[in-house]
Amino acid sequence: MDFGTGSVSGRAAANQMEWTVNNAFKTYKDMDHPKSMMDLALIQNVDPVDIGLGSSEKGTTVVPTKRKKTMTSVYLKFFETAPDGKSRRCKFCGQSYSIATATGNLGRHLSNRHPGYDKSGDSVTSSAPQPITVVRKAQQQGKQQMDYDHLNWLLVKWLILASLPPSTLEEKWLANSFKFLNPSIQLWPGERYKVKIREVFRSMQEDVMATLEKVSSKVSIILDFWSSYEQIFYMSVTCQWIDENWSFQQVLLDICQIPYPCGGSEIYHSLDKVLKMYNIESRVLSCTHDNSQNAIHACHTLKEELDGQKLGMFYYIPCAARTLNLIIEDGLRTTKPVISKVREFVLELNSSAKMSEDFIQLTAAYQEGCWKFPLETSARWSGNYQMLDIVCKAGKSMDGVMRKYEDTIAGRMALSPAEKNAVSIVHKYLEPFYKTTNNICTNKLLTIGLVLFFMDHISEMIILCRDSRHSSDWLKNAAEDMATKSRSYTTQVGNIFIFMTAILDPRIKCELIPESLSSGNYLEEARTLFIRNYSSRHFSSMTSGYGAQEIEDGGGVSFAEEIARKKRRVSLSNATDELTQYLSEPPAPIPTDVLEWWKVNCTRYPRLSVMARDFLAVQPTSVAPEDLFCSKGDEIYKQRFCMPHDSTQAILCIRSWMQGGIKLKCKSDEIDYERLMEMAGATIAENTAGLDKKQR
């Protein structure tokens, strides 16, 4: 480490590093103001005149005319005095020293923890006037080293937050941009950025391991897969659980490169390695996969392995969001060519200020709603539905713009009456799907029970369309394909594990569970599962006969007390069936916060709440629904696709960990970016004030 430690606040992580992908290409004009210099952390912490001794370089000898500053004043500039006046705190790492600590100790602290900042303390401490040597060149190098380490660490953070490979900083134009701001700037070699990022990755990974060691409940994992531009196949493994305070927790464990041929066996071995590395293989309750056959094969192999070791229950479930997305794609199939034409029109609107202004004026005149530009043009579900929306809700305005710009766009983008009619039919049919995906994307905690509730509603809409005599043949055919995918999902989730997970959602219970899961068999199996796994294992002291006090008494208790204790044991045995009492009460309203409900009621259901903590952590989707259905997913796809293999694991993991609140650190030192930026701002303000004073 080249400088000290501190803490990274959420505000620092979000706000201090403002140079991201979207504003990395600022013009030189934008960089003229001193505030921009602060963003680059060109920190000037050494006095304008650099003083040193013992240099082998040739210097100029001068005799000062006034008393020389003592060493104390030089070192104290890097320390701040506590409000009580009893201690001093290092501005870099926060290390505290007694106010009576000798300046030599402060100098040694700077030398050991923050190399470079102690250089200005090499002068003698005598207060008598003495000849000294002014060596500007040597001291300037020391000053540059301090500044450039700060700058380079800030660039490391920029690379991580922007999901950019270290090779970005090897671009000639970028190096020249820094040289334009300060000709003496020296960036690290590209290889050093890679080394530092790997060090940060290993340090933060240790924190993740330490966090998982403290988890007392079962955990669930989700798998996601993608390929990069290098045709390398990756798998992300994410772990989630519910902590003792009934807060949902999630952390990315690793991003694995799956070796060729990337089949189920290779996926299983990579997944098994991750689980063993984090020592959670005995605590994994479920795995949510992406519906691919290779992932299913890997999960099945893992289940056989865990069952063979008798490590407890383990189930794997398909991704509901991916299933729903495939169902919607079948519904859009006939109108896809029309949607493409509308998207081309919308792209023209977004690119032309005059055209978009005309569209807004026409929608106001025709009372066809308020449309905010730029309109979404993503090829994902949210963008496709907006194309349908524009045709159905702003058709007159769309036609008006096309007439006005007939020479340029109308010929290839105008819709025929038959196309408009098809769009209207599909728009009406898919409206419940759009509302469903919106609810799924905005739900605070997406439980298995709630997703089954939504998927059951979707199945009903599909069957209603397929069996209606008013539906067009082309729509009935699409509905038949949609129904096939819906049945496949229902078949995969038709088991006791999914049933148990669903009814532990107090909003669902047995009343709102799909018909396919509401058989009496599942309810009896669920009761058996609960009593077998959560009545004695977690509360053995309450269900195992006489307690320690009874043994100590040696049986020397009254007959009446024996009867009383037996009755207490009988009541405790009856209490193991808390599931019956829980299900006998009406479901909670749908807007209810599930985890808050259990937090309030866990004392009423001490055993069942333990089971709820385990099962409610199971995720019904292998990818965040908003990443799949909305344009946000396009950005994630681009970042993953463009990342080279030597940076993917470290950068994407560190970025995810930082977003989850884990502090960015290297080895044992936390990097206090907020403190660096504060110091940069203070120094720049000081330098600016000095410059103004000279000019006056």
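Per an unreviewed UniProt entry, the chain goes by Zinc finger BED domain-containing protein RICESLEEPER 2 isoform X4 and derives from Populus euphratica. The chain has a UniProt comment under Subunit (unreviewed entry) that states "Homodimer." Listed in UniProt under the heading Subcellular location (unreviewed entry), the comment for the chain reads: "Nucleus".

**Structural notes on the packing of aromatic side chains**
Two aromatic rings are characterised by how far apart their centres lie and by the angle between their planes. Tallied over the entire structure, the rule returns 26 aromatic pairs. An angle of 15 degrees between the planes, with centres 5.5 Å apart, marks the rings of Phe201 and Trp657 as stacked. With Phe201 in helix α7 (residues 190–213) and Trp657 in helix α29 (residues 648–659), the pair connects residues that are 456 residues apart, well separated along the chain. Assigned by exposure class, Phe201 and Trp657 land together as buried. An aromatic cluster is built from Trp246, Tyr582, Trp597, Trp598 and Tyr605, whose rings are joined through pairwise contacts. Cation over ring: Lys303 sits above Tyr315, and NZ or CZ is 4.8 Å from the ring centre.

**Section: the environment of Arg607**
Among the structural elements, Arg607 can be located in helix α26 (residues 606–615). Judged by relative accessible area, Arg607 falls into the buried class, the value being 1%. Distance in space between the C-alpha atoms of Arg607 and Leu579 is 9.1 Å, their sequence separation being 28 residues.

**So, the side chain of Ser622**
Looking at where Ser622 falls in the secondary structure, it is placed in the loop between α26 and α27 (625–629). Beyond its immediate chain neighbours, meaning those up to four positions away, Ser622 contacts Ile222, Leu223, Asp224, Thr288, His289, Asp290, Cys319 and Arg322.

**Things to note about the sheet that holds strand β6 (residues 219–227)**
Strand order in this open sheet of five strands is β8-β7-β6-β9-β10, and the pairing throughout is mixed. Every interior strand has two partners, whereas the edge strands, β8 (248–258) and β10 (315–317), have only one. Adjacent strand axes in the sheet meet at a mean angle of 25 degrees, parallel and antiparallel pairs treated alike.

**Looking at the side chain of Arg343**
Looking at the secondary structure, you find Arg343 in helix α11 (residues 336–351). Summary of buried charges: Arg343 has no salt-bridge partner, and the nearest side chain of opposite charge, Glu376, is 8.0 Å away. Residue contacts for Arg343: discarding those within four places in its chain leaves Thr377, Ser378, Ala379, Gly383, Asn384 and Met387.

**Remarks on the pairing of strand β3 (residues 87–90)**
In this structure, strand β2 (residues 79–81) lies alongside β3, joined through three bridges in antiparallel fashion. Residue pairing across strands places Thr81 opposite Arg88, the latter belonging to β3. Between β2 and the antiparallel strand that follows it, β3, lie five residues; Gly85 among them carries a positive phi value of about 70 degrees. As judged from the three bridges shared by β3 and strand β4 (residues 96–98), these two strands associate in the antiparallel manner. In the sheet register, Arg89 faces β4, and the bridge partner there is Ser96. In this antiparallel pair of consecutive strands, β3 and β4, the connection spans five residues, and Gly94 shows a positive phi of 85 degrees.

**Regarding the nonpolar core**
Among the nonpolar cores identified, the biggest contains 94 residues, and Phe433, Trp598 and Phe615 are the most heavily contacted of them. For this core, the element with the most residues is helix α17 (residues 448–467), which contributes nine residues. Membership of the second largest hydrophobic core comes to 66 residues, among which are Val237, Ile255, Leu271 and Ile651.

What counts and what doesn't
Residues numbered from 1 in each chain as written. Predicted model: local features only at pLDDT ≥ 70, side-chain atom pairs only at ≥ 80, totals over all residues. Heavy atoms only, no water. UniProt positions renumbered as here; feature names shortened; annotations may be inferred. Phe/Tyr/Trp six-rings, centres within 6.5 Å; stacked < 30°, edge-to-face > 60°. Helix = DSSP H or I, 4+ residues; strand = E, 2+ residues; numbered from the N terminus. Buried < 20%, exposed > 50% of the residue type's maximum accessible area, 1.4 Å probe, protein only. Lys NZ or Arg CZ within 6 Å of the ring centre and 35° of its normal. Contact = heavy atoms within 4.5 Å. Pairing = 2+ DSSP bridges. Axes fitted to C-alpha atoms, helices over the stretch in contact; angles between N-to-C directions. Lys, Arg positive; Asp, Glu negative; His and termini not counted. Salt bridge = Lys/Arg side-chain N within 4 Å of Asp/Glu carboxyl O. Core = buried A, V, L, I, M, F, W, Y, C linked by side-chain atoms within 4.5 Å.

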